[in-house]
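Structural overview
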Amino acid sequence: MKTLVIAEKPSVAQDIVRALTPVAGKFDKHDDHFENDKYVVTSAVGHLVEIAAPEEFDVKRGKWSFAHLPVLPPYFELKPIDKTKSRLSAVVKLVKRKDVSRLINACDAGREGELIFRLIEQYAGGLKNGSYQPLGKPVQRLWLQSMTPAAIRDGFEQLRSNEQMLGLADAARSRSEADWMVGINGTRAMTAFNSRDGGFFLTTVGRVQTPTLSIVVEREEKIRAHRSRDYWEIHASFLAEAGEYPGKWFDPNFKKPTGDDADAELRADRVWTQREALAIADAVRGKAASVKEESKPTTQACGLLYDLTSLQREANGRFGFSAKTTLQLAQSLYERHKALTYPRTDSRALPEDYLPTVRQTFEMLAGSGMKHLAPHAKTALDNSYIRPSKRIFDNSKVSDHFAIIPTLQAPSGLSEAEQKLYDLVVRRFLAVFFPSAEFMVTTRISSVLNHHFKTEGKVLVKPGWMAVYGKEAAEDVADAKDGDKGQNLVPVREGETVRTESVEPKGLKTKPPARYSEATLLGAMEGAGKLVDDDELREAMQEKGLGTPATRAAIIEGLLTEKYMFREGREIIPTAKAFQLMTLLRGLGVEELSKPELTGEWEYKLAQMEHGQLSRAAFMGEIAAMTERMVKKAKEYDRDTIPGNYATLSTPCPNCGGVVKENYRRYTCTGADGNSEGCGFSFGKSPAGRTFEPEEAEQLLRDKKIGPLEGFRSKAGWPFVAEIVIKFNEEEKNWKLEFDFGDDKKGEESGELVDFTGSESLGACPKCGSPVHEHGSNYVCEKSVPTLAQPTPTCDFKSGKIILQQPVAREQMNKLLETGKTDLLDKFVSMRTRRAFKAFLAWDKEAGKVNFEFEPRASKFPPRKTAAGAPAKAAPAKKAAPAKKAPAAKKAAAAKTPKTPRKTTAASGKQPSAALAAVIGEGPVSRPEVVKKLWDYIKANGLQDATDKRRVNADAKLAAVFGKPQVTMFEIAGIVGQHLS
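Computed from a prediction, not measured in an experiment: that's the story for all the values here. (Residues numbered from 1 in each chain as written. Predicted model: local features only at pLDDT ≥ 70, side-chain atom pairs only at ≥ 80, totals over all residues. Heavy atoms only, no water.)

Thoughts on the overall build of the protein
Counting secondary structure elements, the protein contains 27 helices and 37 strands. Here the protein holds 981 residues, and 47% of them are scored as buried. When the accessible area of the protein is evaluated, it comes to approximately 48600 Å², of which 50% is carbon and sulfur surface. (Helix = DSSP H or I, 4+ residues; strand = E, 2+ residues; numbered from the N terminus. Buried < 20%, exposed > 50% of the residue type's maximum accessible area, 1.4 Å probe, protein only. Areas by Shrake-Rupley, 256 points an atom, 1.4 Å probe, with all protein chains shown as cover.)

With respect to the pattern of salt bridges
Inspection of the entire model under this criterion finds 51 salt bridges. Salt-bridge contacts for Glu 293 lead to Arg 444; the nearest nitrogen and oxygen are separated by 2.4 Å. Of this pair, Glu 293 sits in strand S14 (residues 288-300) while Arg 444 is found in strand S15 (residues 437-448), placing the two residues 151 residues apart along the sequence. Taken together, the salt bridges that share partners define one network made up of Lys 2, Glu 35, Arg 97 and Asp 99. (Salt bridge = Lys/Arg side-chain N within 4 Å of Asp/Glu carboxyl O.)

Description of the sheet that holds strand S3 (residues 33-35)
The strands making up a sheet are joined through hydrogen bonds of the backbone, oriented either antiparallel or parallel. Read across the open sheet, the seven strands follow the order S2-S3-S4-S1-S7-S10-S11; overall the sheet is mixed. Of all strands in the sheet, those bounded by a partner on one side alone are strand S2 (28-29) and strand S11 (160-161). Where S2 lies against S3, two bridges are found, and the strand directions are antiparallel. In the strand pairing of S3, Lys 29 is matched with Phe 34. (Pairing = 2+ DSSP bridges.)

Here we look at helix H5 (residues 162-194)
Given 3.6 residues to a turn, an α-helix orients residues that are three or four positions apart in the same direction. Taking 1.5 Å per residue as the helical rise, H5 with its 33 residues ought to reach 48 Å, and the 47 Å between its terminal C-alpha atoms agrees with that figure. The principal kink in H5, of about 30°, is found at Leu 168. The buried fraction of H5 is high, at 26 of 33 residues. (Expected span 1.5 Å × (residues − 1). Bend = angle between axes of the 7 residues up to and from the residue.)

Digging into helix H16 (residues 549-561)
Looking only at H16, the buried set comprises Pro 549, Arg 552, Ala 553, Ile 555, Ile 556, Glu 557, Leu 559 and Leu 560. Buried-residue contacts for H16 involve helix H6 (209-225), helix H8 (308-319), helix H9 (323-335), helix H14 (518-526), strand S18 (565-568) and strand S19 (571-574). Of the residues flanking the end of H16, it is Lys 563, one or two places downstream, whose phi is positive at about 65°. (Contact = heavy atoms within 4.5 Å.)

What about the side chain of Ser 799?
On the secondary structure map, Ser 799 appears in strand S29 (residues 798-800). Not counting residues within four places of it along the chain, the set of residues in contact with Ser 799 comprises Asn 778, Tyr 779, Met 813 and Val 850.

Some words on the packing of aromatic side chains
Enumeration according to the criterion identifies 28 aromatic pairs in this entry. Consider the rings of Phe 362 and Phe 429, whose centres lie 5.1 Å apart with planes at 40°: the pair is tilted. Linking Phe 362 in helix H10 (residues 355-366) with Phe 429 in helix H12 (residues 416-431), this pair joins segments that are 67 residues apart in sequence. With relative accessibility at 0%, the residue Phe 429 sits in the buried group. Measuring from centroid to centroid gives 5.5 Å for Phe 837 and Phe 852, while their planes differ by 85°, and the two rings are edge-to-face. With a gap of 15 residues between them, Phe 837 in strand S33 (residues 836-844) and Phe 852 in strand S34 (residues 849-853) connect regions that are remote in the sequence. Note on accessibility: Phe 837 and Phe 852 belong to one class, buried. A connected cluster of aromatic rings, assembled from ring pairs, spans Phe 362, Phe 393, Phe 429 and Phe 433. Its end group placed over the ring of Tyr 231, Arg 270 keeps NZ or CZ at 4.1 Å from the ring centre. Between Lys 704 and the ring centre of Trp 735, over which it is positioned, the NZ or CZ distance is 5.5 Å. (Phe/Tyr/Trp six-rings, centres within 6.5 Å; stacked < 30°, edge-to-face > 60°. Lys NZ or Arg CZ within 6 Å of the ring centre and 35° of its normal.)

Points about the pairing of strand S12 (residues 230-240)
The element S12 is largely enclosed, with a buried count of nine among its 11 residues. Where S12 lies against strand S17 (residues 497-509), 10 bridges are found, and the strand directions are antiparallel. Bridge assignment links Ile 234 to a residue of S17, and that residue is Pro 505. Sheet analysis places S12 next to strand S13 (residues 243-250), joined by six bridges and oriented antiparallel. By the bridge assignment, Ala 240 is partnered in S13 with Gly 243. Counting the residues that bridge the hairpin from S12 to S13 gives two residues.

A few points about the sheet that holds strand S28 (residues 778-781)
Pairing within the open sheet is antiparallel, and its four strands lie in the order S26-S27-S28-S29. Since the sheet does not close on itself, it has two edges, and those belong to strand S26 (763-764) and S29, each with one partner. Alignment of S26 against strand S27 (residues 771-775), held across two bridges, turns out to be antiparallel. In the sheet register, Ala 764 faces S27, and the bridge partner there is Pro 771.

Brief notes about the pairing of S19
When S18 meets S19, the two strands line up antiparallel, connected through four bridges. The residue bridging Glu 568 from the neighbouring strand is Glu 571, located in S19. Joining the antiparallel neighbours S18 and S19 is a turn of two residues, in which Gly 569 adopts a positive phi near 65°.

Looking at the side chain of Ser 332
Inspection of the secondary structure puts Ser 332 in helix H9. Beyond its immediate sequence surroundings of up to four residues, Ser 332 is in contact with His 337 and Glu 418.

Some words on the nonpolar core
Ranked by internal contacts, the top residues of the largest apolar core, which has 86 residues, are Met 190, Leu 213, Leu 521, Met 565, Leu 588 and Phe 619. In this structure, Leu 213 is in contact with Leu 559, Tyr 564, Met 565, Ala 578, Leu 581 and Met 582, ignoring residues within four places of it in sequence. Core analysis: the next-biggest nonpolar cluster, separate from the first, contains 51 residues, Leu 329, Val 398, Leu 414 and Tyr 469 among them. (Core = buried A, V, L, I, M, F, W, Y, C linked by side-chain atoms within 4.5 Å.)

Some points on the environment of Ala 44
Turning to its location among the elements, Ala 44 is positioned in the loop between strand S4 (39-43) and strand S5 (49-52). Not counting chain neighbours up to four residues away, the residues in contact with Ala 44 comprise Ala 7, Glu 8, Lys 9, Pro 10, Arg 87, Ile 116 and Ile 120.

Examining unusual backbone geometry
Cis geometry is adopted by the peptide bond preceding Pro 70, which originates at Leu 69 and carries an omega value of 0°. Summarising the element assignment, Pro 70 is placed in the loop between S5 and strand S6 (77-80). In this structure, Lys 338 takes a positive phi of about 55° despite not being glycine. Here Lys 338 lies in the loop between H9 and H10. In this structure Lys 338 comes out as partly exposed when scored by relative accessible area, which is 42%. Even without being glycine, Lys 563 reaches a positive phi, approximately 65°.

Some points on the confidence of the model for the protein
Predicted coordinates in areas of low pLDDT are best not read in detail. When the pLDDT values of the protein are averaged, the result is 84; 89% of them are 70 or greater. Low confidence marks residues 478-484, where pLDDT is under 50. Its contacts with residues over four positions away, or in another chain, come to 13 contacts. Low pLDDT, under 50, characterises residues 746-750; the stretch is placed with four contacts to residues that sit more than four places away or in other chains. (pLDDT = per-residue confidence, 0-100.)

Looking at the state of the cysteines
Across all of its chains, the model carries zero disulfides by this definition. Between Cys 656, a cysteine without a disulfide, and Cys 669, which holds the nearest cysteine sulfur, the sulfur-to-sulfur distance is 3.5 Å. We classify Cys 656 as partly exposed; its relative accessible area is 44%. Distance from the sulfur of Cys 795, which forms no disulfide, to the nearest cysteine sulfur (Cys 765) is 3.8 Å. (Disulfide = S-S within 2.5 Å.)

Brief notes about the packing of H5 against helix H19 (residues 616-636)
Between H5 and H19, whose axes approach to 10 Å, the crossing angle comes to 5°. One way to sum up the angle between H5 and H19 is to call them roughly parallel. Of H19, the residues touching H5 (which contributes Asp 170, Arg 173, Ser 174, Glu 177, Ala 178, Met 181, Val 182, Asn 185, Gly 186, Ala 189, Met 190 and Phe 193) are Arg 616, Phe 619, Met 620, Ile 623, Ala 624, Met 626, Thr 627, Met 630, Val 631 and Ala 634. Broken down by class, the residue content of the contact of H5 with H19 amounts to 14 nonpolar, four polar and four charged. (Axes fitted to C-alpha atoms, helices over the stretch in contact; angles between N-to-C directions. Parallel < 35°, antiparallel > 145°, perpendicular 65-115°, else oblique. Nonpolar A, V, L, I, M, F, W, Y, C, P; charged D, E, K, R; others polar.)

Focus: the environment of Gly 671
Within the secondary structure layout, Gly 671 lies in the loop between strand S21 (666-669) and strand S22 (682-684). When the C-alpha atoms of Gly 671 and Pro 652 are compared, they prove to be 9.6 Å apart, with 19 residues separating the residues in sequence. If sequence neighbours within four positions are ignored, Gly 671 has contacts with Gly 658, Val 659, Ser 676 and Gly 678.

The following block contains the structure:
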């Protein structure tokens, strides 16, 4: 009889085989496992199965109403994860083998590793009458925190019993099922609440994603609430015998205010009136100053080795990589190149038995051809820097995996991005063994007539670990900057009197807190326990934070995908939809969904469960009660709106001229006084599940149209693109919001003639050779629509401007008509799977229409050799698939991709007003050209508002165009039209 060992990843299975071979005999390699006389060793590839409600208890999308909530299934069914079905089948087949009498769980040492194995074991037992059947095979646990052969063999000598692991297994299952119950019920309840007025307004919530969003929203609320205040700093230059040095005034008696109402903007070096600043400057200018100075040595150690979160933060700060990109690169360096250790780790230390492996890695680096890294590795070896240190080698700080370090394999063929990330990891790995950097820090106080000026200098004496980073780190000495903190200070003799040469009060303004970047948001998620007031809950979250290193990138990407946030440069900014969700949770009284305390409470109770102090049934009972309470509060909420901080639009009601105000669901007329019933005019804030930003609502009301906009969803949940218009409804005698899909067929069916005069052709029709033009939501042959020259169409060539959510720009259609194929486009979304995919659009002569053509995939296997030794012929290219027509909602809206500017002539262009011509120049111009030239001017002169880049501050020239000191980016297109004739 044999023992089946199940590891979490194929690489770990290989490590186990190598370690067992000397003591258990040689293994034979099979497709999905290794085997000898005693052991069968296989692996999962992460999670192979996931939990779901049984079919009879689940409610499919489109039927998400309160009538079907809450969903509290009596048991959870397991279903295979699609992309790993074949792996699951292979593992289950091994589990059920008659000659396998015992199982060893060799998945990662932690809660998630325990869950992966338990779900596979449970699934293999099979479902019968609502419960999974036991396999009847004993289970033991291999608990590894180091992957050296000796540590693995020791682990097999000290296997843990199944009974010892039941607490951890219960905690793992409970966390997974609780997340499902809260996420599914929360999302469906909030979606049902927001869809009461019709449509489908998907509103996702989750135990980790919603508190993460809350962190970003609360920061944005502080930025919006911030009122800038003027203050002054007083900078002086002092002349000593050896030369000049700078100093900044400060109050030596200043104490930082404390308490809830403390003014956080008070500083020792700030003066709050210009009068006081000028008085100080006038008093000390030209006067003698006495000097007191203190110099002391200080050291700075290198940062710890990287875990995934710290690596993502560093890569975002240095290279602008998103957390998702960094994880993908690290995963590629681990799986494909075998150059880094496992990246999905939250540990920043190495096992205590890893010193020999580290020394071997340094020897590999020293002997490698990497000239920028090898000398530092050689220096460390020559000077015996690689020594035991609790800061680096500490078993107590190693969880499921140890820190990310280079492997013994020198990589080759890395992409530029992979090389950057590999270098980042290797430099940290080298530097952490080098000595601390040594500085001499000098603090100099220059006193003039009871006024004090501070000067700080920081000089790098011995670079230590900074040598690994070269000049870059030496120049980036912490706190070194121009002014009062220069790196080098001219010397001053003891007792020397210096002269106050110049003094300048600098007027400044307080700034709001900075928006989150991915780097700082990852840090906030990691340290979310600091936001928790309860000591026990904070302690429980100390090691966890919000999410895990492996899931944080996906959480951020999910919030971006659901349009709760968007990236602008490196900043992450919450949308109106995010504020709406926070308003809803606060108004319904279910704020626990948006606070890290929920995670803290769960971690505390799961830790109790692991130690046998809390039963799984009790915990899951509490989760069910919480879920029922959350759904009940949403279901029974009976007021018209939800209290919140709402906007008042500046554009009046188009029906009666009254004031239009925002409430939770709508923008509505509130009469001339802004506080009455109004005339009945209103429009929904979130038509088809897409929430208007206040600036967009303002533009819609002012221009009576906006778009095309992305992010709408049909009742079935499908995304689409459309323009929105406000039209007067004769029956109701009021204005109504409508979608405008640019339906070209109306004109064609009515026989209305299309005039292409002044329209620039994109190329020749591939069917009949006639010119192809833009027309409504399509690119069409001019002979496919009724024109003055040919009232009856004779051709049917037409291709959408948006196909499966992919905008097709003019230049791409031009390329297709000229060459037969567009560039590779990457934003198509499958109607069947809803997954994004890449494809070329190509003219299919045989089918007589535009079809998809897919990128040829490189074979995983080398080409076969023919008898003559030459490679076999390459497989034929994959046949082009037909390009599906986008639904009406998608296919007709104009693409958002910038169009190739048309040639503007006196006949086709429009004349700018004198005010506009002063900014963009004289001569006929098209509207797109005007907008482009305006933005070039705005960016060249730095006129975007520092606190909100969607707003533009007018200088003297733009004030004449805008008619006011500030506009939003959404207003510019409308204003431009008023200046063209």
